[in-house]
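What follows is the residue order along each chain.
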Amino acid sequence: GDVVYNGLLYREVMLRYDAFMNQLVVRSSKKMSNVCVPMHLVGKFTLEGTDYVPRNGVFMTVLFSGRNLELVESMHIVMKERMVDNVKIMYEFERCLKYYVLRDGIMHEVDKLKSVQKLFPDFKKNLKAFAKQRELDFEKRRRVSLQSIIGYVHELLTQP
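Below: a short report on this structure.

Parameters at a glance
- For every chain, the first residue of the written sequence is number 1, and numbering continues from 1 along that sequence.
- A pLDDT threshold of at least 70 governs which residues receive local features in this predicted model, and a stricter bar of 80 or more applies before side-chain atom pairs are shown or counted, although totals over entire chains, interfaces and linings include all residues.
- To get the side-chain values, take all heavy atoms of the structure and skip hydrogens and water.
- Note on conventions: DSSP H or I runs of at least 4 residues are helices, E runs of at least 2 residues are strands, and numbering of each starts at the N terminus.
- Take the residue count of a helix, subtract one, and multiply by 1.5 Å to get its expected span.
- We call a residue buried when its accessible area falls under 20% of the maximum for its residue type, exposed when it is over 50%, and partly exposed in between, using a 1.4 Å probe and counting protein chains only.
- The arc under discussion is defined with respect to the helix axis, by the directions toward the C-beta atoms.
- Contacts are residue-level and defined by heavy atoms, with any inter-residue pair within 4.5 Å sufficient.
- Should a side-chain nitrogen of Lys or Arg be within 4 Å of a carboxyl oxygen of Asp or Glu, the pair is scored as a salt bridge.
- Each nonpolar core is a collection of buried residues, namely Ala, Val, Leu, Ile, Met, Phe, Trp, Tyr and Cys, held together in the definition by side-chain atoms within 4.5 Å.

Section: helix α3 (residues 142-158)
Residues spaced three or four apart along an α-helix point in a common direction, a consequence of the helix completing one turn every 3.6 residues. With 17 residues, α3 extends 24 Å between its outermost C-alpha atoms, agreeing within 8% with the 24 Å of an ideal straight helix rising 1.5 Å per residue. All buried positions along α3 are accounted for by Ser 145, Leu 146, Ile 149, Ile 150, Gly 151, Tyr 152, Val 153, His 154 and Leu 156.

If you want it as structure tokens, here you go:
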């Protein structure tokens, strides 16, 4: 992937992102060792065509970006306890996804149509009609549905 490190762009670097530790790992050019990158110096990175940007101290996936409006996905990895033969074993990792709209410098969590409508009350009826027309499903296809509805909000906001 590509990484912006200390203001400089490095292309086609062997990268791995550890979402549990919020740590970017770079493989040396000779593939002899891995290096943990100082995250405060990373401006952004791209893995498999997906951009990751720092928001609130964590790197998040950019799902939509427009003027004064951004939709990002935050992936948190949490460790869950698991019982085996009445003994607690802490080694299972669970992936938790959360979505946020960044508007006017403030991050708002969104997860379904109502949360988007609450954030944009002037467009409540428009959003409901759009979601119905496009058959958006915020339970089974949350990511795609949020991308679609936020794209529509952006259109509504930028109309003359």
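Don't stop here, the text continues.
A closer look at helix α2 (residues 124-134)
For α2, the full list of buried residues reads Leu 127, Phe 130 and Ala 131. One face of α2 carries all of its buried residues, which in axial projection span an arc of 95°. Exposed and facing more than 90 degrees away from the buried side of α2 are Lys 125, Lys 128, Lys 132 and Gln 133. Close packing links the buried residues of α2 with α1 (113-119) and α3. At the C-terminal side of α2, Glu 135 shows a positive phi close to 55°.

Focus on the pattern of salt bridges
This structure, assessed with the given rule, holds five salt bridges. Taking the shortest distance from any N to any O, the salt bridge between Arg 143 and Glu 73 comes out at 3.8 Å. Here the residue Arg 143 occupies a position in helix α3, and Glu 73 occupies one in strand β9 (residues 69-84), the gap between them amounting to 70 residues.

A look at the nonpolar core
In terms of nonpolar packing, the biggest core is built from 23 residues, with Leu 71, Val 116, Phe 120, Leu 127, Ile 149 and Ile 150 touching the most fellow members. Looking at this core, the elements that each hand over two or more residues are β8 (58-66), β9, β10 (87-103), α1, α2 and α3. The element best represented in this core is α3, accounting for six residues. When near neighbours in sequence (up to four residues on either side) are disregarded, Val 116 contacts Val 110, Leu 127, Leu 146, Ile 149, Ile 150 and Val 153. Leu 15, Val 37, Tyr 52 and Phe 59 belong to the second largest nonpolar core, which has 15 residues in total.

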